[in-house]
Amino acid sequence: MSELQTLIRSIRQEAEREPFPLDSPIYQQAGKDALEPILFGGNLGSQLCFFGRDLGADEVRQGQPLIGAAGRLVRKGFFEAWQGRTPKGQDDLQTVCQRILLTNTVPYKPPENKAYSVKVKERFRPFVEQLLVFHWQGKQIITLGTEAFKWFAPYGAKGQLDEFFRGGDRYESSLDVLIKANTGAGKSSQKIVRLMPLPHPSPLNKRYYGQFPQMLQRRLAEIAF
C-alpha cells in the first residue's frame, strides 16, 4: 500500500471512529460510500493548489473537489490563463487537473451545505496537513472564501491571519505561513506555503461573484504554473 493510500485509509478510520454530520441522502443518491473521503483532485506534482471549504453535491457525484458551479468557474478561469482560450466543454475543464491540485478543509460533504464546525475541521486537519506537506510538491495556494483562508490560522503568528484578512487589499496581497505535519508512524516535516486569498466563487456570493473571474486572472498572472 502506498503512503497516499495509507493516508486515505487513515481518514476513513477516523471517520468511522466517531459519528459526525454527513449529507447521507446525497451520498445515497449518488451511490457513494459516505465514509470514503474525497481528499483531492488534480496533480500532486503541480505548483498551485486551490483550497476550498468542503464538498457539494456535484463533488460527491463526480468524486472530486471543485466541480460544481463554483468549481467550474475556477476551472474555467484557470483554463483560460493556461491555454489562452475559452474551454469548449467539460473535457476541457477536466484537463486543468493536469496542472493544479484541488482540495478542501474537510474531505466530506456537510448536511445542507453548512460549514463544518471547528471540532470536525480539527479532527481532519492532520490528514489535510499530510496531503499538503508530504504529498503535494507545490507551495502556492489560492484559498476560496473566508472559511478556507482562516483554516490556515494555526500556521501563522497569533492573530496574523485575522489582521491580514481585515486589510482592504487582502485579495491582491499574499501571506507566507509554515505548515507542520506528522504521520501516525512518527514521520514529521514542514513547509512554507504562500496563501493568496480570493472570495468564494459561489453564485450566492452577490458581492464578489461577478468580479471573481477578473480577480482570479489577476492572481494567476502572479503565479508560475
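As shown above, the structure is provided for reference.
All values derive from a computational prediction rather than experimental measurement.

What counts as what
Residues numbered from 1 in each chain as written. Predicted model: local features only at pLDDT ≥ 70, side-chain atom pairs only at ≥ 80, totals over all residues. Heavy atoms only, no water. Buried < 20%, exposed > 50% of the residue type's maximum accessible area, 1.4 Å probe, protein only. Helix = DSSP H or I, 4+ residues; strand = E, 2+ residues; numbered from the N terminus. Pairing = 2+ DSSP bridges. Phe/Tyr/Trp six-rings, centres within 6.5 Å; stacked < 30°, edge-to-face > 60°. Contact = heavy atoms within 4.5 Å. 1 Å grid on protein atoms, 1.4 Å probe; cavity = no way out; pocket = protein on both sides within 12 Å on 5 of 7 lines; lining within 4 Å. Points joined across faces, edges and corners; volume = space filled by probe spheres on them. Nonpolar A, V, L, I, M, F, W, Y, C, P; charged D, E, K, R; others polar. Salt bridge = Lys/Arg side-chain N within 4 Å of Asp/Glu carboxyl O.

### Brief notes about the pairing of strand E4 (residues 140-143)
Consecutive residues of a regular strand have side chains that alternate between opposite faces of the sheet.
Here is step 1: Residues Gln140 and Ile142 line one face of E4 and the alternating positions Ile141 and Thr143 line the opposite face, and both faces are buried.
Here is step 2: When E4 meets strand E6 (residues 188-195), the two strands line up parallel, connected through 2 bridges. Across the sheet, residue Gln140 finds its bridge partner in E6, namely Arg194.

### Some points on the packing of aromatic side chains
Here is step 1: Applying the stated rule across the entire model yields 18 aromatic pairs.
Here is step 2: Plain terms: the ring middles of Phe79 and Trp82 are 6.3 Å apart, the flat faces sit at 80° to each other, and that makes the pair edge-to-face. Taken together, the residues span about one helical turn, with Phe79 and Trp82 both in helix H4 (residues 69-83) at a distance of 3 residues.
Here is step 3: Assessed through its relative accessible area of 1%, Phe79 is described here as buried.

### So, unusual backbone geometry
Here is step 1: Phi is positive for Leu66, which is not a glycine, with a value near 50°.
Here is step 2: Owing to a relative accessible area of 10%, Leu66 belongs among the buried residues under this scheme.
Here is step 3: Despite not being glycine, Glu112 shows a phi value in the positive range, around 55°.
Here is step 4: Within the element layout of this structure, Glu112 appears in the loop between strand E3 (100-104) and helix H6 (118-135).
Here is step 5: Exposure remark for Glu112: the relative accessible area of 61% places this residue in the exposed category.

### Considering the environment of Tyr209
Here is step 1: With respect to the helices and strands, the residue Tyr209 is situated in the loop between E6 and helix H9 (212-221).
Here is step 2: Spatially, the C-alpha atom of Tyr209 lies 9.7 Å from that of Leu73, the residues being 136 residues apart in sequence.
Here is step 3: Leaving out residues up to four positions away in the same chain, Tyr209 has contacts with Leu73, Pro201, Ser202 and Pro203.

### Section: the layout of surface pockets
To find the voids left in a structure, one rolls a probe of water-molecule size over its atoms.
Here is step 1: Estimated volume of the largest pocket: approximately 670 Å³.
Here is step 2: Along the wall of the largest pocket there are 26 residues; nearest its centre are Arg53, Asp54, Ala70, His200 and Ser202.
Here is step 3: At the level of secondary structure, the elements contributing two or more residues to the lining of the largest pocket comprise helix H3 (57-62), H4 and helix H7 (146-150).
Here is step 4: One number sums up the size of the second largest pocket: a volume of about 210 Å³.
Here is step 5: Taken together, Glu3, Thr6, Leu7, Ser10, Phe127, Gln130, Phe134, His135, Thr183, Gly184, Ala185 and Lys187 make up the lining of the second largest pocket.
Here is step 6: Elements represented by at least two residues in the lining of the second largest pocket include exactly helix H1 (3-17) and H6.
Here is step 7: By residue class, the composition of the lining of the second largest pocket is 4 nonpolar, 6 polar and 2 charged.

### Some details on the pattern of salt bridges
Here is step 1: A complete count under the given rule lists 19 salt bridges for this structure.
Here is step 2: Residues Lys187 and Glu3 are paired through a salt bridge, measuring 3.8 Å at the closest nitrogen-oxygen approach. Highlighted residues: Lys187 in the loop between strand E5 (175-182) and E6 and Glu3 in helix H1, separated in sequence by 184 residues.
Here is step 3: Accessibility expressed as a relative area gives 40% for Lys187, which makes it partly exposed.
Here is step 4: Judged by its relative accessible area of 53%, Glu3 is exposed.
Here is step 5: Between Arg53 and Asp54 there is a salt bridge, with the nearest N and O atoms lying 3.0 Å from each other.
Here is step 6: Residue classification places Arg53 among the partly exposed residues on the basis of a relative accessible area of 22%.

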